[in-house]
Amino acid sequence: MTDNSQPEPSGAQKLFGDFAPALVHFTDDVLFGEVWKRTELTPKERSLVTVAALATNGNTEQLVFHLGLAKENGNTETELIEAITHLAFYAGWPQAMAAMAVAKKVFRS
């Protein structure tokens, strides 16, 4: 018996579907389809860099997804908490506190 079911829509597809198809394409095909697949950094390293960039810029909504992905890619909660703590001295206390609040919700919920 053949499975004719469609693949699960991506997060971008669920959020924007036909509303912003170009953004869905760039997210799914370019960012996650090409950039994240480059071999110069491991997925674990890419996740740590991404979490640091999102925390630094205060992008807490995106941080929820990327903290989970970072764990899937091999980062431990301890490593991620330490990275956010370290960022407090370079990115600013408010950004680190906001990122840590997100991390606590993600890791302890």
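Residues numbered from 1 in each chain as written. Predicted model: local features only at pLDDT ≥ 70, side-chain atom pairs only at ≥ 80, totals over all residues. Heavy atoms only, no water.

## A look at the nonpolar core
Ranked by size, the top nonpolar core spans 15 residues in total, and within it Val51, Leu63, Leu67 and Leu80 carry the most contacts. Of all the elements in the fold, those that place two or more residues in this core are α3 (43-57), α4 (60-72), α5 (77-91) and α6 (93-108). Ranked by residues supplied to this core, first place goes to α6 with five residues. With near-sequence residues (within four places) excluded, Val51 lies in contact with Leu63, His66, Leu67, Ala70 and Leu80. (Core = buried A, V, L, I, M, F, W, Y, C linked by side-chain atoms within 4.5 Å. Buried < 20%, exposed > 50% of the residue type's maximum accessible area, 1.4 Å probe, protein only. Helix = DSSP H or I, 4+ residues; strand = E, 2+ residues; numbered from the N terminus. Contact = heavy atoms within 4.5 Å.)

## Examining the side chain of Ser47
Along the chain, the position of Ser47 falls in helix α3. A distance of 2.8 Å separates a polar atom in the side chain of Ser47 from a polar atom in the side chain of Asn73. Look past the residues within four positions of Ser47 in its chain and what remains in contact with it is Trp36, Leu69, Ala70, Asn73 and Asn75. (Polar contact = N/O pair within 3.5 Å; in protein donor to acceptor, adjacent residues only side chain to side chain.)

## Points about the pattern of salt bridges
If you walk through the whole model with that rule in mind, you get five salt bridges. Between Glu40 and Arg38 there is a salt bridge; the shortest N-O distance is 3.6 Å. A relative accessible area of 56% places Glu40 in the exposed class. According to the relative accessible area criterion, Arg38 is partly exposed, its value standing at 47%. Notably, a salt bridge pairs Lys71 with Glu77, separated by 2.8 Å at the nearest N-O pair. (Salt bridge = Lys/Arg side-chain N within 4 Å of Asp/Glu carboxyl O.)

## Some remarks on the domain arrangement of the protein chain
Structurally, the protein chain comprises domain 1 (11-40) and domain 2 (41-108). Relative to domain 2, the C-alpha centre of domain 1 lies at a distance of 21 Å. Tallying the contact residues gives six residues for domain 1 and ten residues for domain 2. When the buried surface of domain 1 facing domain 2 is broken down by residue, Phe32, Trp36 and Glu40 rank first, second and third, together holding 81% of it. Here domain 1 and domain 2 share zero salt bridges between them. Taken together, the connections running from domain 1 to domain 2 amount to two residue pairs in polar contact (both at pLDDT 80 or more). (Domains from an automatic or database assignment. Buried area = accessible area lost by both parts, 1.4 Å probe.)

## Some thoughts on the UniProt feature "domain: Carboxymuconolactone decarboxylase-like" (unreviewed entry) in the protein chain
As recorded in UniProt, the feature "domain: Carboxymuconolactone decarboxylase-like" (unreviewed entry) lies at residues 21-104. As a span, residues 21-104 carries 79% helix and 0% strand, and end to end its C-alpha atoms are 33 Å apart. (UniProt positions renumbered as here; feature names shortened; annotations may be inferred.)

## A few points about the side chain of Arg46
Within the secondary structure layout, Arg46 lies in helix α3. At 4.3 Å, Glu40 is the nearest oppositely charged side chain to Arg46, a buried residue that forms no salt bridge. Within the structure, Arg46 has its side chain in polar contact with the backbone oxygen of Arg38 (distance 3.3 Å). Leave out the neighbours within four places in its chain, and Arg46 touches Val35, Trp36, Arg38, Glu40 and Leu41. (Lys, Arg positive; Asp, Glu negative; His and termini not counted.)

## Re a nonpolar patch on the surface
There is a patch of nonpolar side chains on the surface, built from Leu15, Phe16, Phe19 and Leu23 and spanning about 470 Å² of accessible area. Note on placement: Leu23 falls in helix α2 (residues 21-31). Assessed through its relative accessible area of 43%, Leu23 is described here as partly exposed. (Patch = residues over 30% accessible without salt bridge, like charges linked within 9 Å, V, L, I, M, F, W, Y side chains within 5 Å. Areas by Shrake-Rupley, 256 points an atom, 1.4 Å probe, with all protein chains shown as cover.)

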